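Chains, contacts and geometry: an overview
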Amino acid sequence: MIELLGILLVAQGAGGLINRLAGAEHPSWFVQLHVLPPQLHVIASIVLLGAGVAVLFSNRARKRRRG
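Since we're looking at a predicted model, the values are computed, not measured.

Rules behind the numbers
Residues numbered from 1 in each chain as written. Predicted model: local features only at pLDDT ≥ 70, side-chain atom pairs only at ≥ 80, totals over all residues. Heavy atoms only, no water. UniProt positions renumbered as here; feature names shortened; annotations may be inferred. Helix = DSSP H or I, 4+ residues; strand = E, 2+ residues; numbered from the N terminus. Buried < 20%, exposed > 50% of the residue type's maximum accessible area, 1.4 Å probe, protein only. Polar contact = N/O pair within 3.5 Å; in protein donor to acceptor, adjacent residues only side chain to side chain. Contact = heavy atoms within 4.5 Å.

Quick look at the UniProt feature "transmembrane region" (unreviewed entry) in the protein chain now. Sequence positions flagged by UniProt for "transmembrane region" (unreviewed entry) are, in local numbering, residues 40-57. Between the C-alpha atoms that bound residues 40-57 the distance is 26 Å, and the span itself is 94% helix and 0% strand.

When you line up the elements, S45 lands in helix α3 (residues 41-66). Residue S45 is classed as buried on the basis of its relative accessible area, which comes to 0%. At 2.9 Å, the side chain of S45 and the backbone oxygen of H41 are in polar contact. Among residues more than four places away in sequence, those in contact with S45 are G13, G16, L17, Q32 and L33.

Relative to the assigned elements, G16 resides in helix α1 (residues 2-21). Given a relative accessible area of 0%, G16 falls into the buried group. With 25 residues separating them in the primary sequence, G16 and H41 have C-alpha atoms 7.5 Å apart. In this view, G16 contacts A11, F30, Q32, L33 and S45; residues no more than four positions away in its chain are not counted.

Laid out in structure tokens, this is it:
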């Protein structure tokens with residue numbers, strides 16, 4: 001279940017970042033682009049991407065420790 005959360009965060013962050021950097025006008029299905037003001041779109045996308053990567057790596061490390 002935690003992997004799903006990490007994957008969703010990565011997809012939202014990376015997709016939103018690509019959407020903004022490509023100059024797309026439509027926010028598509030990226031949540032942060034719908035709820036935040038335009039000046040925060042890139043920052044929020046980077047934060048979501050980083051949070052998703054952190055969740056995935058921490059989960060992987062936890063599984064390795066368990067053996």
